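If you want the building blocks of each chain, they are given just below.
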Protein chains: 2
Amino acid sequence: MTEELNLEQLTAGVRAMIPIFDAMQLTVVDAGRGRAAASIPPAPNVNHFGAIYAGSLFTVGEVLGGILGFNTFDLDGFIPIVKSLEIKFLNPATSTVTARTSLSAAEIARIESEARELGRSEFVLTAELTDEAGVVVAATEGVYQVRKFV
Amino acid sequence: MTEELNLEQLTAGVRAMIPIFDAMQLTVVDAGRGRAAASIPPAPNVNHFGAIYAGSLFTVGEVLGGILGFNTFDLDGFIPIVKSLEIKFLNPATSTVTARTSLSAAEIARIESEARELGRSEFVLTAELTDEAGVVVAATEGVYQVRKFV
């Protein structure tokens, strides 16, 4: 399976799980152990000023927790959930916006170890959201948890 | 114009301004000087577990700033914008979720006075999001600004 196919499948998968992603045309553009990126185009997401709506920006930042979670942790029967998220809106976004985040190997090891011992573990993901020109349009800090799903 | 018609028109208005609200079937359920409420139904907003997706909950909380802003401030040529928002997810939401917020008369007076003097004024809105049983499923704290729109 090529990486390109893999991202297409991930995109189709998250859109099937959460249909509002389909309405936003959310696309997974990178996924791997300790990293995730997703993007949204302006068209279905803009407001009447032509700027991408806050809720769509929130979404492309928030979704990283699920993408990273499912592609990173070596844990059986656990799911990532979002506990809280803060987003700062820094510039209007009028082109495709990409959100990226990563987690260090040490932090991944801590989370996996804690989750196996306690049945759950919290972790923080920060993401920058940039437009096509590289301008940071928003920044997110989300608190997630991997939790045993019985 | 009856209040019912007014809410219908407000709902149609915000959906026309921000089409993703239409995809979420977001509805304005209360609006007046110093108060706003909006709701979203589960159907287009649920994930594969049947719970309303985080980004839809964010949206029904965030939109209150615009609804309250446009229906509260006695300011010409100003628009409300969102600067940042923190949302805490407290319980899964599986029925229609309603977000409500309000602003005191003293706070409204401060914002109007500051905006007229400086061309902009910041304000904070907190909202509780409750499901049909009255359970608080999320809580938001948003920082907004009314800004002279030239």
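Residues numbered from 1 in each chain as written. Chains lettered and ligands numbered in written order. Predicted model: local features only at pLDDT ≥ 70, side-chain atom pairs only at ≥ 80, totals over all residues. Heavy atoms only, no water.

Q: Help me understand the sheet that holds strand E6 (residues 136-148) of chain B in this model?
A: Through backbone hydrogen bonds, the strands of a sheet pair up, either in parallel or in antiparallel fashion. Read across the sheet, 12 strands follow the order E1(A)-E2(A)-E4(A)-E5(A)-E6(A)-E3(A)-E3(B)-E6(B)-E5(B)-E4(B)-E2(B)-E1(B) without closing on themselves; strand pairing throughout is antiparallel. For this open sheet the edge positions go to strand E1 (27-32) of chain A together with strand E1 (27-32) of chain B, each flanked by a neighbour on one side alone. On average, adjacent strands in this sheet sit at an angle of 20° to one another, irrespective of strand direction. Looking at chain direction, strand E2 (residues 35-40) of chain A and strand E4 (residues 97-102) of chain A are connected through six bridges and run antiparallel. Residue pairing across strands places Ala36 of chain A opposite Thr101 of chain A, the latter belonging to E4 of chain A. The sheet contacts of helix H3 (residues 54-72) of chain A involve E1, E2, strand E3 (78-89), E4, strand E5 (120-130) and strand E6 (136-148) of chain A together with strand E3 (78-89) of chain B, and relative to E2 of chain A the element is tilted by about 150°. (Pairing = 2+ DSSP bridges. Helix = DSSP H or I, 4+ residues; strand = E, 2+ residues; numbered from the N terminus. Axes fitted to C-alpha atoms, helices over the stretch in contact; angles between N-to-C directions. Contact = heavy atoms within 4.5 Å.)

Q: I keep staring at the packing of aromatic side chains and nothing clicks. Help me out?
A: How two aromatic rings sit relative to each other is set out by the distance from centre to centre and by the angle between their planes. Within this structure, the stated rule accounts for nine aromatic pairs over all chains. Ring geometry for Phe123 of chain B against Tyr144 of chain B: centres 5.7 Å apart, planes inclined by 20°, an arrangement best described as stacked. Separated by 21 residues along the polypeptide, Phe123 of chain B in strand E5 (residues 120-130) and Tyr144 of chain B in strand E6 bring together distant segments of the chain. Across this residue pair, the class does not change: Phe123 of chain B and Tyr144 of chain B are buried. Through successive ring pairs, a cluster of aromatic residues spans Phe73, Phe123 and Tyr144 of chain A. (Phe/Tyr/Trp six-rings, centres within 6.5 Å; stacked < 30°, edge-to-face > 60°. Buried < 20%, exposed > 50% of the residue type's maximum accessible area, 1.4 Å probe, protein only.)

Q: Is there a simple way to think about the pairing of strand E2 (residues 35-40) of chain B in this case?
A: Within a regular beta strand, the side chains point alternately toward one face of the sheet and then the other, so they alternate between its two faces. Among the six residues in E2 of chain B, five count as buried, and that is most of the element. The antiparallel pairing of E1 of chain B with E2 of chain B creates a hairpin that spans two residues between the two strands, and Gly34 of chain B there sits at a positive phi of about 85°.

Q: Any chance you could explain the confidence of the model for chain A here in plain terms?
A: Considering every residue of chain A, the mean pLDDT works out to 95; 97% of them sit at 70 or more. Across the whole predicted complex the pTM is 0.95, and at the interface the ipTM reaches 0.95. (pLDDT = per-residue confidence, 0-100.)

Q: Just checking my understanding: could you explain the interface of chain B and chain A for this structure?
A: As a measure of interface size, the accessible area lost when the parts come together is often cited. Contacts between the two partners involve 31 residues from chain B and, on the opposite side, 31 residues from chain A. Applying the counting rule to chain B against chain A returns zero salt bridges. Linking chain B to chain A there are eight residue pairs in polar contact (both at pLDDT 80 or more). Elements supplying a minimum of two residues to the side of chain B that touches chain A: helix H2 (19-24), helix H3 (54-72) and E3 of chain B. Examining the composition of the side of chain B that touches chain A, we find that nine residues originate from one element, E3 of chain B, more than from any other. Tallied by class, residues from the side of chain B that touches chain A come to 20 nonpolar, seven polar and four charged. Looking at chain direction, E3 of chain A and E3 of chain B are connected through five bridges and run antiparallel. Bridge pairing links Ser84 of chain A to Lys88 of chain B in E3 of chain B. (Salt bridge = Lys/Arg side-chain N within 4 Å of Asp/Glu carboxyl O. Polar contact = N/O pair within 3.5 Å; in protein donor to acceptor, adjacent residues only side chain to side chain. Nonpolar A, V, L, I, M, F, W, Y, C, P; charged D, E, K, R; others polar.)

Q: Before we go on, may I ask you to explain the relation of the copies chain B and chain A in this structure?
A: Here the second copy of the chain follows from the first by a rotation about an axis and a shift along it. Note on the identical chains: chain B maps onto chain A by a rotation of 180° and an axial translation of 0.0 Å, with an RMSD of 0.0 Å. Given the turn and translation reported, the copies of this chain are related as if by a two-fold rotation axis. Minimal C-alpha separation from the rotation axis in chain B is found for Glu86 of chain B, amounting to 2.0 Å. Take the interface residues of chain B: 100% of them recur as interface residues in chain A, which is what a same-surface contact looks like. (Least-squares fit on C-alpha atoms with pLDDT ≥ 70 in both.)

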